[in-house]
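For reference, the chains in residue letters:
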Amino acid sequence: MQSKAKSVEEYMAALPEDRLEAITAIREVILKNLHKGYEEGMQWGMPSYFVPLSAYPAGYNCQPDQALPFVGFASQKNHMAIYGFCIYMDEELKNRFVADWKKSGKKLDMGKSCVRFKKLEDVPLKVIGDAVKGVPMKKYIKQYEDQLQQTAAGKKVAKKK
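Since this is a predicted model, take the numbers as computed values, not measurements.

1. Concerning a negative patch on the surface
Consideration 1: A surface patch of like charges, here negative, comprises E17, D18, E21 and E121.
Consideration 2: Mapped onto the secondary structure, E17 falls in helix 2 (residues 17–33).

2. Some thoughts on helix 6 (residues 137–149)
Consideration 1: Helix length check: helix 6, at 13 residues, gives a terminal C-alpha distance of 18 Å against a target of 18 Å (1.5 Å per residue), a fit within 8%.
Consideration 2: Within the sequence span of helix 6, burial applies to M137, Y140, I141, Q143, Y144 and L148. Looking straight down helix 6, one finds that the buried residues subtend no more than 160° of arc, so they occupy a single side.

3. Describing the sheet that holds strand 4 (residues 80–83)
Consideration 1: Here we have 6 strands laid out as an open sheet, ordered 1-2-3-4-6-5, and antiparallel in their pairing. Strand pairing shows two members of the sheet lacking a second neighbour, strand 1 (39–43) and strand 5 (109–110), which therefore form its edges.
Consideration 2: Bridge count for strand 1 against strand 2 (residues 46–51) is 5 bridges, and the pairing is antiparallel. Bridge pairing in strand 2 links E39 to F50.
Consideration 3: Running at roughly 100° to strand 3 (residues 68–75), helix 6 makes contact with strand 2 and strand 3 of the sheet.

4. Focus: the pattern of salt bridges
Between side chains of opposite charge, a pair can form as their charged atoms come close.
Consideration 1: Scanning all chains against the criterion turns up 9 salt bridges.
Consideration 2: As a salt-bridge pair, K103 and D100 come within 3.6 Å of each other at their nearest N and O atoms. Of this pair, K103 and D100 both sit in helix 4 (residues 91–103), 3 residues apart, which is roughly one turn of the helix.
Consideration 3: The exposure class assigned to D100 is partly exposed, which follows from its relative accessible area of 23%.

5. Observations regarding the nonpolar core
Consideration 1: Grouped together as the largest cluster of nonpolar side chains are 50 residues, with contacts concentrated most on I30, F70, F97 and Y140.
Consideration 2: The dominant element in this core, judged by the number of residues it contributes, is helix 2, at 6 residues.
Consideration 3: Contacts of Y140, omitting those with residues within four sequence positions, involve Y38, V51, L68, P69, F70, F85, C86, M89 and V135.

6. Considering empty space enclosed by the protein
Consideration 1: For the structure on display, the rule yields 1 cavity of 30 Å³ or more.
Consideration 2: The space that makes up the largest cavity amounts to roughly 30 Å³.
Consideration 3: Residue lining of the largest cavity: V71, I82, G84, C86, I87, F97, I128, A131 and V132, and that is the complete set.
Consideration 4: Looking at the lining of the largest cavity, the elements that each hand over two or more residues are helix 3 (85–88) and helix 5 (125–133).
Consideration 5: Tallied by class, the residues present in the lining of the largest cavity amount to 8 nonpolar, 1 polar and no charged.

Thresholds, definitions, all that
Residues numbered from 1 in each chain as written. Predicted model: local features only at pLDDT ≥ 70, side-chain atom pairs only at ≥ 80, totals over all residues. Heavy atoms only, no water. Patch = residues over 30% accessible without salt bridge, like charges linked within 9 Å, V, L, I, M, F, W, Y side chains within 5 Å. Areas by Shrake-Rupley, 256 points an atom, 1.4 Å probe, with all protein chains shown as cover. Salt bridge = Lys/Arg side-chain N within 4 Å of Asp/Glu carboxyl O. Lys, Arg positive; Asp, Glu negative; His and termini not counted. Charge placed at Lys NZ, Arg CZ, Asp CG, Glu CD. Helix = DSSP H or I, 4+ residues; strand = E, 2+ residues; numbered from the N terminus. Expected span 1.5 Å × (residues − 1). Buried < 20%, exposed > 50% of the residue type's maximum accessible area, 1.4 Å probe, protein only. Arc of directions from axis to C-beta. Pairing = 2+ DSSP bridges. Contact = heavy atoms within 4.5 Å. Axes fitted to C-alpha atoms, helices over the stretch in contact; angles between N-to-C directions. Core = buried A, V, L, I, M, F, W, Y, C linked by side-chain atoms within 4.5 Å. 1 Å grid on protein atoms, 1.4 Å probe; cavity = no way out; pocket = protein on both sides within 12 Å on 5 of 7 lines; lining within 4 Å. Points joined across faces, edges and corners; volume = space filled by probe spheres on them. Nonpolar A, V, L, I, M, F, W, Y, C, P; charged D, E, K, R; others polar.

Read these as spatial facts, not as claims about activity.
What follows is the structure in structure tokens.
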């Protein structure tokens, strides 16, 4: 369920009271651990942190006019979710993330790049912070470009250069 909010503040202000605490805590842990260079804004109807086009003009390969997504979060109809683009591009980080989450004793409901949860108590915030902290922007861009080269879309982009 995409929000029509134009800013993260507008998104947060529209949250139902029962979700505001959890989403605020997720946002705070991301901001506390986010490396320099990433920007906060709205992408695809959710608050997101991304590599700005000024730092990576090629943008996101599926939508080159969009900044390269890094991590985001959303309040969906039946759950809340954290979208860790940075996690699914790094197998080692993903494995550590999953192991650390499980060590926390919290149930992990994870898709390819999203972690779904119902309430703040379901989320080990330190695990989220460690994942965000583990990927400086230059490293993330390199991982992204390495991943892209393994895809048909990436091979087309490389030929155009």
